[in-house]
Structure formats: structure tokens, C-alpha cells
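Structural overview
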Amino acid sequence: MAIEDQLQSGEEILHRAYPTRLPLVPWVAGLLLSLVAAGIFTALVVSIPAAVAAGAVAVVLAGTILVKWVKLRSHDYVLTNRRVILEEGIIGRRSNDASLGKINNVEHRQTIWGRLLGYGDVVIDTASETGATLFPGISDPVEFKKAILGAVEAYRQSGATAPAAAVLSPAEKIRQLKKLLDDGLISPQEFEAKRKEMLAEM
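Keep in mind that this is a model prediction, so the values were computed, not measured.

Core analysis: the largest hydrophobic core is formed by 17 residues, its most contacted members being Val84, Leu100, Ile103, Val122, Phe135, Phe144 and Ile148. Broken down by secondary-structure element, the contributors of at least two residues to this core are strand S2 (76-80), strand S3 (83-88), strand S5 (103-109), strand S6 (119-126), strand S7 (132-139) and helix H4 (141-157). Here this core takes five residues from H4, the largest share from any one element. Listed in part, the five residues of the second largest apolar core include Leu177, Ile186, Phe191 and Met198.

See below:
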């Protein structure tokens, strides 16, 4: 099921992060070298067995690259105007959501190579039971972090996290009024007049 199919009414995607494709680079380089070697050995008629071996290596590397690419594509990191979604898996899927209202802190981690090549981890610390959520090895983690913090701020400013005021029934209001009378904060006359108003509302 696509992320878009899981969105609630009024929920919109604000940002999408992707795992870095850099882990594929050594495999692609190996594939290119094996293809070049196969071409060279094929040109040398006396080296046909070597050409076949190089071709076999190229096939294996191509298959490995395909599998790794599919695994990378199976990770969805999505920020909406209500939550952050981490979903991963090829056949079986695992999903983890973090509500914007429960996010306490957002951290990004980058090694020296990560800073140079533009990848790293993003960790979201939430007040939910799941605790921290890790988004590993994503491209441009700083941009993802900034997008999350901006969405959290907008979510809180919109008042979406403010609890709705409790609506008291007339009977509960009368009980509160009686407590004010018992505490000496209102007179019996004020209590009786207000009580009659509340009874009229019932």
C-alpha cells in the first residue's frame, strides 16, 4: 500500500526523504570494470575463458545491484502536516508513525564522509511509547530535520495540539456551584439564583 493511500482527510505530504544511493557506487564501479574486462578479453581471441569469467562476474554484480536498489526503494520516509511516517519492507511492510504533537527533539548525525557527501541519520525523539525513531542513511539529513522542525512549529501554532475544553452538563455546573457555596465564595442567595438559571437550562 502506498503512503498516499494511508493519508487521512486533510493530511498532506510536506517533504519526502530518500536513503542515499551512495552504497551502490562501489558495486556499479565493479560492474563497469568487469564489463570493460570482458570487452578487452573478448577482443583478445586467446582470452575467451577470461572473457566468460568477467561476463559472469558482471551478471552477478548486476543482480546484486538490482537487489540493493530494490531494498533502498522499499524505504519510505515521509513528513506530512500531521506526522512523520517511516515505512519499510519489500514483501512484508513495517510502518512507524510519530505525531507532530508528540515530537520533543530532532537530531541529525553525520560522519566526516557524510558531511562531504551529503548523507546521514535523523533521529526523532517522541513522547510516545515507541521512543526514538531512526531514519538511517538518508540524503540531505539537515534539510529533512529543518522540514520536521518547521512542520512541528506550524502544527503547534495552529492549535492542533491544544486539548478541547471540557463541556460540563448543567448537573455538573450545579455541583461546582454548590462547592463554591460550601467554601463561602458565594452567598446562599447567589447560589439559589444561579441554580434556578441552570435548572432552566436542563
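This brings us to the sheet that holds S5. Read across the sheet, three strands follow the order S5-S6-S7 without closing on themselves; strand pairing throughout is antiparallel. A single partner strand is all that each edge strand has here, and the edge strands are S5 and S7. Across this sheet, the average inter-strand angle for adjacent strands is 15°, counted without regard to direction. Where S5 meets S6, six bridges bridge the pair, whose relative direction is antiparallel. In the strand pairing of S6, His108 is matched with Val122. Lying over the sheet, H4 contacts S5, S6 and S7, oriented at roughly 170° with respect to S5.

With 26 residues, helix H2 (residues 48-73) extends 37 Å from end C-alpha to end C-alpha; this agrees with the ideal 38 Å at 1.5 Å per step. Within the span of H2, buried status applies to Ala51, Ala54, Ala58, Leu61, Ile65 and Leu72. Of the surrounding elements, those touching the buried residues of H2 are helix H1 (25-43).

About the cut-offs
Throughout, residues of each chain are indexed from 1 in the direction in which the sequence is written. Whole-chain, interface and lining totals are the exception, using all residues; otherwise, since this is a predicted model, local features are given only for residues with pLDDT of at least 70 and side-chain atom pairs are given and counted only at 80 or more. Water and hydrogen atoms play no part in the side-chain values, which are based on all heavy atoms of the structure. Buried residues of nine kinds, namely Ala, Val, Leu, Ile, Met, Phe, Trp, Tyr and Cys, make up a nonpolar core once their side-chain atoms join them within 4.5 Å. Residue exposure (1.4 Å probe, protein chains only): buried if accessible area is under 20% of the type maximum, exposed if over 50%, otherwise partly exposed. Strands here mean DSSP runs of E at least two residues long; helices mean DSSP runs of H or I at least four residues long; both are numbered from the N terminus. For two strands to pair, DSSP has to find at least two bridges joining them. Angles run from 0 to 180 degrees between N-to-C directions of axes, and those axes are lines fitted to C-alpha atoms, restricted for helices to the stretch in contact. The contact rule is simple, with two residues in contact once any of their heavy atoms fall within 4.5 Å. To estimate how far a helix should reach, multiply one less than its number of residues by 1.5 Å.

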